[in-house]
Amino acid sequence: MSNSGKVEALIPRCLCSIENSVNLNIDFEDLCSVSISWENGFVSELKPLKLKNKKPNNILFPRFTEAHSHIDKSFTWDEYPNLRSNYAGALTANLQEHKTRTTEKVLERAEKSLNLAIKNGYRAIRSHIDTYQDQGNDVWPELFKLQKKYSSKLQLQLVALSPLEFWQTENGRKLAKNFAINKGILGGVVVPPFNKKETIKVLSKMLLLADKYKLEIDLHIDESTREPGAGLKVLLEVIDKLKIRVPITCSHLSSIFFLKEKEILDLGKKIADKNIKVVALPLTNFWLLNHKSKITSFKRPVAPIKELQKSLVDVSIGSDNVQDPWYPFGNFDPFYMMSCAMPMLQLNPWERMTLSSIFLAPSRLLNLKWDGLIKKGCPADFVILDAQRWADVFSCNLKRKVFIKGDLHC
């Protein structure tokens, strides 16, 4: 059968659950040697591999989950470059792009992004889509069609990224009602400086709208170098005031990097208590925030992953932008993201919490049926590399095979 097979491979120990682990051979980089078989698109056997003085020539990963992307604006750098490479320049170029934006252009970029993501090893993506009151929202029915078109190979989740005030308008309420049917997600931006009283008002209405239609919220929050944690503190205040619980994701949270460790840990406990999930986005944040044209800035704000995890916050790492005014590089390749993010954040690939933020936490965030743990009965959705150690994974000459439901995709 074409969707059945067998391979000897190394798997990170924290990414596999194996019944007979007594004889499991685990190397010093926490890679274990296994024999894995699959039938009809599901893993049928996973057992320790007994090899003396040698290891398999493959490393096997579950297909990846992207926690945060922008497929509507990807690959717009050539037309709308941000040569100043800072936040203000990105916002200016982004607004220029909106003047020429059409549904056709958005769909073309989205399809290019999804095809690359599937080829490179993604099985699910959450993408934010710029949404404004003064522009038609004709794109949304087409995006939901696209979601269905790719559903056999990739699960696409869509977030309407809009000014918070949009959710008070008639168009915003109509879109939220539509999202209740199509499982869309309410999005917005909370970045200082802002009027605290007004922000509390619009955030409250957004949360009440989400509660009414049983929707999730994913906020770009505190993507800044100023007023550390100001947006998060307002959000926590609103949640306490309303006493409602809707699923909330805080994307970025970069500025809390500037707080003292105790303050971060205290905030982390409050985030965990509210079951708020966090997405760290080191590539775009390191590139844009606190960018100085004539000096090297050593203060690069990014969500402090280790402190947040210490406070029991579920943290995912996402890629964010691809070849647009916010970040000019990338190609919807999870290994590019890993090879950049781990050195930036000083994360060890042989540690469980690191791999959790890349594989398991994003799967939980998107509420996928499979958490990404390789075990008997799980989907045969793999990325298999010609590699024997982590240094091979982070080389520039990767040879990969992507399996979708047991079938070799590429």
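Note: the structure precedes this text.
Residues numbered from 1 in each chain as written. Predicted model: local features only at pLDDT ≥ 70, side-chain atom pairs only at ≥ 80, totals over all residues. Heavy atoms only, no water.

1. Remarks on the pairing of strand β10 (residues 217-221)
Most of β10 is tucked away: five of the five residues are buried. Because side chains alternate across β10, one face comprises the buried residues Ile 217, Leu 219 and Ile 221, and the other comprises Asp 218 and His 220, equally buried. Bridge count between strand β9 (residues 185-190) and β10: five bridges; the pairing is parallel. Across the sheet, Val 190 pairs through a bridge with Ile 221, a residue of β10. In the classification by handedness, the crossover that spans β9, the intervening helix α5 (residues 196-213) and the parallel β10 is right-handed. Examined bridge by bridge, β10 and strand β11 (residues 248-252) share five bridges and lie parallel to one another. (Buried < 20%, exposed > 50% of the residue type's maximum accessible area, 1.4 Å probe, protein only. Helix = DSSP H or I, 4+ residues; strand = E, 2+ residues; numbered from the N terminus. Pairing = 2+ DSSP bridges. Right-handed = clockwise from strand over helix to strand, strands pointing away.)

2. Topic: the sheet that holds β10
Two orientations exist for strands paired in a sheet by backbone hydrogen bonds: parallel and antiparallel. Strand order across the open sheet formed by eight strands is β6-β7-β8-β9-β10-β11-β12-β13, with parallel pairing between neighbours. Among the strands making up the open sheet, the edge pair consists of β6 (64-69) and β13 (315-317). Along the sheet, successive strands turn relative to each other by an average axial angle of 25°, direction set aside. On the sheet, α5 packs against β9, β10 and β11 and is oriented at approximately 170° with respect to β9. (Axes fitted to C-alpha atoms, helices over the stretch in contact; angles between N-to-C directions. Contact = heavy atoms within 4.5 Å.)

3. Some details on the environment of His 68
Within the secondary structure, His 68 sits in strand β6. Sequence-wise, His 68 and Ser 319 are 251 residues apart; in three dimensions their C-alpha atoms are separated by 6.4 Å. With sequence-adjacent residues up to four places away left out, His 68 is seen in contact with Arg 126, His 128, His 220, Ser 251, His 252, Val 279, Leu 281, Gly 318, Ser 319 and Asp 320. Among the polar contacts made by the side chain of His 68, one reaches the side chain of His 70 at a distance of 3.2 Å. (Polar contact = N/O pair within 3.5 Å; in protein donor to acceptor, adjacent residues only side chain to side chain.)

4. As for the pattern of salt bridges
Applying the stated rule across the entire model yields 18 salt bridges. A salt bridge links Lys 55 to Asp 27; the nearest nitrogen and oxygen atoms lie 2.9 Å apart. Residue Lys 55 is found in the loop between β4 (42-48) and β5 (58-62), and its partner Asp 27 is found in the loop between β2 (25-26) and β3 (31-39); the two are separated by 28 residues along the sequence. The partly exposed category is assigned to Lys 55, whose relative accessible area is 28%. Between Lys 274 and Asp 273 there is a salt bridge; the shortest N-O distance is 3.7 Å. Beyond isolated ion pairs, a larger network of salt bridges with shared partners links Asp 72, Glu 97, Arg 101 and Arg 109. (Salt bridge = Lys/Arg side-chain N within 4 Å of Asp/Glu carboxyl O.)

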